Amino acid sequence: MERMSFDRFLLTLHRDREEAGKIAVDIRRRVTTFAESNRLPDAEGFSDKVMDVLEREAQREEIRSLGSLAHAVARRILMEAWRENKRAPLPIEDGFLCVQRAGPPANEGLQDGSLSERRSQCLHECLQKLNREDRELIIRYHQLKGGEEKLYQARKKLAQKYGIRSRNLALIIHRIRKHKLDPCVVDCTKSLSAVMK
Amino acid sequence: MRLAELWSGVARRTTLRRYLLGELCAEERARLEERYFKNDDLFEEMEMAEDELIDAYLRGHLSKSESRLFEENYLSSQRRRHKVGLARELLEYSANAELPAPITLIVTRFRFVQLAFLAGLLSFAGIVGWELITVHYRRRSSPPARSRPLASSESHVPQAELPAISLLLQSSRRGTTGSGSNLLTIPPGEHRIFLEVYPQDMLSTRFRAELFRRGRSVWREDVTPGAGQQLTLKLHSSDLPTGTYFLSVIGLGDGAKPMTRERFGLEVVHLGSP
């Protein structure tokens, strides 16, 4: 997206740029989930396309419900992709909607030695950047062990120590990861990869 | 928590998990997608279900068929593979990490409870103090105070003769206090105020709109949406003294049971007032 145009788009989402950025990131996350769940091989490319259309729509008229519009646009682009795929069928491995029955190996990208090392290094750094309470909580939560039932009880006990319900504990853990830990690790891994190149 | 709520929560999480594993039929999938694009809470629940699914996979808690679906369907993108990789690193890191004795948790909690109590006490004292001051001021400077703010239909001046001010309210994001996101400036004198709202809930045929100021309800009305699901709230300028408000809009479906809730922040400023 062009910078100026993107700035205008943000302004239509919220008058505060930071808030608008959060809204845009949040809606993009939904589009990506949509693409991944519909087995599109290039979920990020699909998300770019949808965000481009939303940006153009925002120039034309006021967006009243961003969620509804984003869903409608995502559906439309998905349908177009289906139609295009029918008209010009590609080999199944390369098709836009190829069903990857064979699938990528479960460990692809997970056990790539150097990537794993970088991620581990970044995770360590990012955990140190968290405040003490968040860091302790996230480590304690992930330290718990056992089978399903034992783990459930252990998490419940941990939540009780904090005076909250186990569902709320899971929510807090999720938010620490989503808003603090994961973005930090992604940025760190990218910059480490850039340095290594 | 009621059994029905508990059950619906469990059923929802099962549906979300099946969606992530690619087990839902096309119709169910489309319905869920439409909902999570519109509903922040549902999408967050989906992301939590994703974390739980990854955790269960890495700990070997998924059944054989679920593990197969996870590998064939879930691990379909680079982003998801990275997410699983990171979760694995986190489990490994945590297993080897050393932390202070668990007693620190209790200390933390104790401190938190103390602080929360103190903050609550101070807020309460502040609110009571402020109320006493404003009541005293109103008694001295105004005609006898009304027991509650006038609804627009009860204004002294015929409504049609008053100038009108309209404001389209933008929704507040979850987690904010709702303040400052919409600004309403009211010139001196009496005015009709039309607050326009477009709730994301496209299904409800009735809504309950309620304005809160400093955590207290100051105005409430049940409204029926117009074309395009627009809600127009008709107020009078005296209903809205200068201050920070938030508007709660509850979708009632087609009955009286609350179905959805949205918040709209509102900052009101009366021009020319001290």
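Keep in mind that what you see is a predicted model, and the values were worked out from it rather than measured. (Residues numbered from 1 in each chain as written. Chains lettered and ligands numbered in written order. Predicted model: local features only at pLDDT ≥ 70, side-chain atom pairs only at ≥ 80, totals over all residues.)

Caption draft 1: Local environment of the overall build of chain B. When helices and strands are counted, chain B shows 6 helices and 8 strands. Burial statistics for chain B: of 274 residues in total, 24% are counted as buried. Residue pairs at least 24 apart in sequence account for 69% of intrachain contacts in chain B once pairs closer than 6 positions are excluded. (Helix = DSSP H or I, 4+ residues; strand = E, 2+ residues; numbered from the N terminus. Buried ≥ 20, exposed ≤ 12 C-beta atoms within 10 Å, placed from the backbone. Contact = placed C-beta atoms within 7 Å.)

Caption draft 2: Spotlight on the overall build of chain A. Scanning chain A from terminus to terminus reveals 8 helices and 0 strands. For chain A, the sequential pattern of α-helices and β-strands runs α-α-α-α-α-α-α-α. Looking at the 197 residues of chain A, the share that counts as buried comes to 22%. Within chain A, residue pairs in contact and separated by at least 24 positions form 48% of the contacts whose partners lie at least 6 positions apart.

Caption draft 3: Region of the structure containing the packing of helix 2 (residues 17–37) of chain A against helix 3 (residues 43–60) of chain A. Residue and element names in this part refer to chain A. Two elements in contact, helix 2 and helix 3, have axes separated by 9 Å at closest approach and are oriented at 130°. When the axis of helix 2 is compared with that of helix 3, the two are oblique. Note that helix 2 runs across helix 3; the crossing there is right-handed. Here Arg28, Val31, Thr32, Ala35 and Glu36 of helix 2 come into contact with helix 3, specifically with Ala43, Glu44, Phe46, Ser47, Val50 and Met51. Residue classes in the contact of helix 2 with helix 3 are distributed as 6 nonpolar, 2 polar and 3 charged. (Axes fitted to C-alpha atoms, helices over the stretch in contact; angles between N-to-C directions. Parallel < 35°, antiparallel > 145°, perpendicular 65-115°, else oblique. Left-handed = near helix turned anticlockwise from the far one by under 90°. Nonpolar A, V, L, I, M, F, W, Y, C, P; charged D, E, K, R; others polar.)

Caption draft 4: Quick look at the interface of chain B and chain A. Listed per partner, the contact involves 41 residues of chain B and 45 residues of chain A. For the side of chain B that touches chain A, the element with the most residues is helix 5 (residues 78–96) of chain B, which contributes 15 residues.

Caption draft 5: The pairing of strand 5 (residues 216–223) of chain B, seen in detail. All names here are of chain B. As paired elements, strand 4 (residues 207–213) and strand 5 share 7 bridges and run antiparallel to each other. Paired with Phe212 across the bridge in strand 5 is Ser217. Connecting the antiparallel pair strand 4 and strand 5 is a turn made up of 2 residues, with Arg214 showing a positive phi of about 50°. (Pairing = 2+ DSSP bridges.)

Caption draft 6: Quick peek at the sheet that holds strand 7 (residues 243–251) of chain B. All names here are of chain B. The 5 strands are arranged 2-8-7-4-5 in an open sheet whose pairing can be described as mixed. Edge positions in the sheet fall to strand 2 (183–186) and strand 5, since each has one partner strand and no second. The mean inter-strand angle of the sheet, taken between neighbouring strand axes irrespective of direction, is 25°. Pairing analysis gives 4 bridges linking strand 2 to strand 8 (residues 260–270), with the strands arranged parallel. Residue Thr185 lies in a different strand from strand 8, and its bridge partner there is Val269.

Caption draft 7: Molecular detail of the sheet that holds strand 6 (residues 231–236) of chain B. Residues and elements named next belong to chain B. Strand order in the open sheet made by the 3 strands is 1-3-6, with mixed pairing throughout. Strands with a single pairing partner mark the edges of an open sheet, and in this sheet they are strand 1 (164–169) and strand 6. Strand-to-strand twist in this sheet, taken as the mean axis angle between neighbours without regard to direction, amounts to 20°. In this sheet, strand 6 lies alongside strand 3 (residues 192–197) in antiparallel orientation, the contact comprising 6 bridges.

Caption draft 8: Structural detail: the nonpolar core. Ranked by size, the top nonpolar core spans 41 residues in total, and within it A:Val31, A:Ala70, A:Leu123 and B:Leu20 carry the most contacts. At 6 residues, helix 3 (residues 40–58) of chain B tops the list of elements feeding residues into this core. Contacts of A:Ala70, omitting those with residues within four sequence positions, involve A:Ile27, A:Arg30, A:Val31, A:Val50, A:Leu54 and B:Phe37. The next biggest cluster of nonpolar side chains, apart from the first, holds 21 residues, and it includes B:Ile193, B:Leu240, B:Tyr245 and B:Val268. (Core = buried A, V, L, I, M, F, W, Y, C linked by C-beta atoms within 7 Å.)

Caption draft 9: Quick peek at the packing of helix 3 of chain B against helix 5 of chain B. Residues and elements named next belong to chain B. Across the interface, helix 3 lies against helix 5 with an axial gap of 10 Å and an inter-helix angle of 60°. Judged on the interaxial angle alone, helix 5 and helix 3 are oblique. Read as a crossing pair, helix 3 and helix 5 show a hand that is right-handed. Two secondary-structure elements touch here, helix 3 through Ile54, Asp55 and Leu58 and helix 5 through Lys83, Val84, Ala87, Arg88 and Leu91. For the contact of helix 3 with helix 5, the residue count by class is 5 nonpolar, no polar and 3 charged.

Caption draft 10: How the structure looks around helix 3 of chain A. All names here are of chain A. In a regular helix each residue adds 1.5 Å, so 18 residues correspond to 26 Å; helix 3 covers 26 Å between its end C-alpha atoms and thus fits that length. Listing the buried residues of helix 3 in full gives Ala43, Phe46, Ser47, Val50 and Leu54. In a view along the axis of helix 3, the buried residues occupy a sector of 100°, so they form one face of it. Exposed positions of helix 3 whose direction lies more than 90 degrees from the buried face are Gly45, Gln59 and Arg60. (Expected span 1.5 Å × (residues − 1). Arc of directions from axis to C-beta.)

Caption draft 11: View of the confidence of the model for chain A. For chain A, the average pLDDT comes to 82, and 82% of its residues sit at 70 or higher. pLDDT under 50 marks residues 87–110 of chain A. Its contacts with residues more than four places away, or in other chains, come to 35 contacts. (pLDDT = per-residue confidence, 0-100.)

Caption draft 12: Quick look at unusual backbone geometry. Unusually for a residue other than glycine, A:Arg39 sits at a positive phi of about 60°. Relative to the assigned elements, A:Arg39 resides in the loop between helix 2 and helix 3. Accessibility expressed as a C-beta count within 10 Å gives 16 for A:Arg39, which makes it partly exposed. Even without glycine at this site, B:Arg214 takes up a positive phi of about 50°. For B:Arg214, the position within the fold is in the loop between strand 4 and strand 5.

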